[in-house]
Amino acid sequence: MNARPILLGITGNIASGKSAVRQYLENEGALTIDADLLAQSTYFPGGPAYQPILDTFGDDLCFGDGQINRSRLGRIVFADPAAMQKLEAIIHPLVTEQILEITARAEVGLVVVEAIKLFEAGIHEKCDAVWTVAANENVRKERLMNTRGLTEADAMRRIRSQSPEEEKIRRSDYVIYTDNDFRSTYEQTMQGLAALNPDLPEEVVSFTGEVYRPLRPMDFDSSSALFSRVFSREQTEDDLFRSLSRQSILAGFHENEITTLAFWKTELFLSLIQNIIPYGPKSEEAKRTLEVLAIIAHAHLCEALYISRELIHPAAAKSLGYLPGDYFPPELNPYAVTNFLRKYGLMPEEVFVKPDL
């Protein structure tokens, strides 16, 4: 792609639903960036923010493996606005620089940056459009308590430590309200995407002619039987919209019928294939789907594609260019890899990795 992609900034206060909106856009083919994860990557050992953070907040912030204890750092900065300003002065310029570098390399027509401090960091000045994701304060409090295990007092402290939602709304081009159900959030997201009208790939065709494209609501009925194999129960429409808010789902079609579903997740330019149905470690359907996922992961600038050893036979993995997961490509930060896999309950020895996408 030769034309510069649209750079969309998504912001909103804590627990407003920003990540769900970003994931919906990623499923449609956008290259998405979680600015919080990008910031965290700058303070891995050896990263550009690592030593400045220790110099500012103390060497005792580290775990035994040398990584910075983010929970402890968070408690420090959320309790002290001056400390937060010091941390942001270290992090924000590095994150903005990396966002621009990623956008320059993008191979799709839309790059999406989710950043809670989009305005405060000045990232909005680089964006072609800005969306705010908003929700009632009580809704956000309940989300923090239910999904992050915070006490009511801790949840309200975090909510009230941020700038007013109304100010973000005033400065935005489009607002998505997430107080209602996942379907409403999805539909608002798709309306905003249609207004942007970016150049995104419609589909990928496998070497044997199968068509693959993102799962969409019009496919829910025809995919219900395949979904039931994964979830062991009938999925409601809201269940499916919720699934799309958490991961990308790729649908494979043969003669206009859905024959394959692949569930996968991308974070910080690492991808993990979470499930493929129908499942068969040696099946040709699985191999074709993996080949297509590698193409899509490359378009998302992924540096490696991971799959659980339970999902593929070793011989099939080898034939597709996968290596044992304890191989760390030199361009990857080992801390980024292990943290990514651990988040999804895996260790390097439990996966295969396809580098050089």
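Structural data are supplied above this passage.
Here the structure is a predicted model, which means the values were calculated and not measured.

1. A closer look at the pattern of salt bridges
- Following the criterion strictly, the structure yields 19 salt bridges and no others.
- A salt bridge links Asp60 to Arg72, with the shortest nitrogen-to-oxygen separation between them at 3.3 Å. Separated by 12 residues along the polypeptide, Asp60 in the loop between α3 (50-57) and α4 (70-79) and Arg72 in helix α4 bring together distant segments of the chain.
- Judged by its relative accessible area of 32%, Arg72 is partly exposed.
- Salt bridges here are not isolated pairs; linked through shared partners, they connect Arg22, Asp34 and Glu114.

2. Digging into helix α6 (residues 137-147)
- Buried within α6 we find Arg140, Lys141 and Leu144. The buried residues of α6 all sit within an arc of 105° when viewed along its axis, so they share a single face. Turned more than 90 degrees off the buried face of α6, the exposed positions are Asn146 and Thr147.
- Where the residues of α6 are buried, they touch α7 (152-160) and α8 (165-170).
- Downstream of α6 by a residue or two, Gly149 has a phi angle that is positive, lying close to 70°.

3. Looking at the sheet that holds strand β4 (residues 129-134)
- Pairing is parallel in the open sheet, where 5 strands are placed in the order β2-β3-β1-β4-β5. Since the sheet does not close on itself, it has two edges, and those belong to β2 (31-34) and β5 (174-177), each with one partner. Direction aside, neighbouring strands of the sheet carry axes that sit 20° apart on average.
- The pairing of β4 with β5 spans 4 bridges and is parallel.

4. As for unusual backbone geometry
- The phi dihedral of Asn197 falls on the positive side, at around 50°, and the residue is not glycine.
- Structurally, the position occupied by Asn197 is in the loop between α9 (182-196) and β6 (204-205).
- By relative accessible area, which is 63% here, Asn197 ends up exposed.

5. A word on the nonpolar core
- Ranked by internal contacts, the top residues of the largest apolar core, which has 70 residues, are Leu8, Leu25, Leu31, Ile33, Ile53, Ile91 and Leu261.
- Top contributing element to this core by residue count: helix α5 (residues 81-105), with 9 residues.
- Residue contacts for Ile53: discarding those within four places in its chain leaves Tyr43, Gly58, Leu61, Ile68, Leu73, Leu87, Ile90 and Ile91.
- If you look at the next biggest cluster of nonpolar residues, it comprises 23 residues, including Val204, Ile307, Ala317 and Phe352.

6. Side note on the packing of aromatic side chains
- Within this structure, the stated rule accounts for 6 aromatic pairs.
- Taking 5.7 Å as the distance between ring centres and 70° as the angle between the ring planes, the aromatic pair formed by Phe340 and Tyr344 counts as edge-to-face.
- Among the residues examined, Phe340 registers a relative accessible area of 4% and is labelled buried.
- Members of the aromatic cluster, each reached through a chain of ring pairs, are Tyr24, Tyr186, Phe220 and Phe241.
- Cation over ring: Lys354 sits above Tyr322, and NZ or CZ is 5.9 Å from the ring centre.

7. A look at a negative patch on the surface
- Taken together, the side chains of Glu310, Asp326, Glu349 and Glu350 make up a negatively charged region of the molecular surface.
- As for its position among the elements, Glu310 is in the loop between β11 (304-308) and α13 (314-319).
- On the basis of relative accessibility, which here comes to 65%, the residue Glu310 falls in the exposed class.

8. Thoughts on the packing of α9 against helix α11 (residues 237-244)
- With their axes 8 Å apart at the nearest point, α9 and α11 run at an angle of 55° to one another. What the angle tells us is that α9 and α11 run oblique. Pair α9 / α11 crosses with left-handed handedness. Listed contacts from α11 to Phe182, Arg183 and Tyr186 of α9 are Glu237, Asp238, Phe241, Arg242 and Leu244.
- For the contact of α9 with α11, the per-class residue count stands at 4 nonpolar, no polar and 4 charged.

9. Description of the side chain of Gln162
- By secondary structure assignment, the location of Gln162 is in the loop between α7 and α8.
- There is a polar contact of 2.9 Å between the side chain of Gln162 and the backbone nitrogen of Ile14.
- Filtering out sequence-adjacent residues up to four positions away, Gln162 remains in contact with Asn13, Ile14 and Ile116.

10. Some points on the pairing of strand β10 (residues 270-277)
- Here β10 lies mainly inside the structure; 6 of its 8 residues are buried.
- In this structure, strand β9 (residues 257-267) lies alongside β10, joined through 7 bridges in antiparallel fashion. In the strand pairing of β10, Thr266 is matched with Ser271.
- Taking the residues between adjacent antiparallel strands as the criterion, β9 and β10 are bridged by 2 residues, where Leu268 takes a positive phi near 55°.
- Across 4 bridges, β10 lies against β11 in parallel orientation.

Quick notes on the rules
Residues numbered from 1 in each chain as written. Predicted model: local features only at pLDDT ≥ 70, side-chain atom pairs only at ≥ 80, totals over all residues. Heavy atoms only, no water. Salt bridge = Lys/Arg side-chain N within 4 Å of Asp/Glu carboxyl O. Helix = DSSP H or I, 4+ residues; strand = E, 2+ residues; numbered from the N terminus. Buried < 20%, exposed > 50% of the residue type's maximum accessible area, 1.4 Å probe, protein only. Arc of directions from axis to C-beta. Contact = heavy atoms within 4.5 Å. Pairing = 2+ DSSP bridges. Axes fitted to C-alpha atoms, helices over the stretch in contact; angles between N-to-C directions. Core = buried A, V, L, I, M, F, W, Y, C linked by side-chain atoms within 4.5 Å. Phe/Tyr/Trp six-rings, centres within 6.5 Å; stacked < 30°, edge-to-face > 60°. Lys NZ or Arg CZ within 6 Å of the ring centre and 35° of its normal. Patch = residues over 30% accessible without salt bridge, like charges linked within 9 Å, V, L, I, M, F, W, Y side chains within 5 Å. Areas by Shrake-Rupley, 256 points an atom, 1.4 Å probe, with all protein chains shown as cover. Lys, Arg positive; Asp, Glu negative; His and termini not counted. Charge placed at Lys NZ, Arg CZ, Asp CG, Glu CD. Parallel < 35°, antiparallel > 145°, perpendicular 65-115°, else oblique. Left-handed = near helix turned anticlockwise from the far one by under 90°. Nonpolar A, V, L, I, M, F, W, Y, C, P; charged D, E, K, R; others polar. Polar contact = N/O pair within 3.5 Å; in protein donor to acceptor, adjacent residues only side chain to side chain.

Structural measurements only, silent on function.
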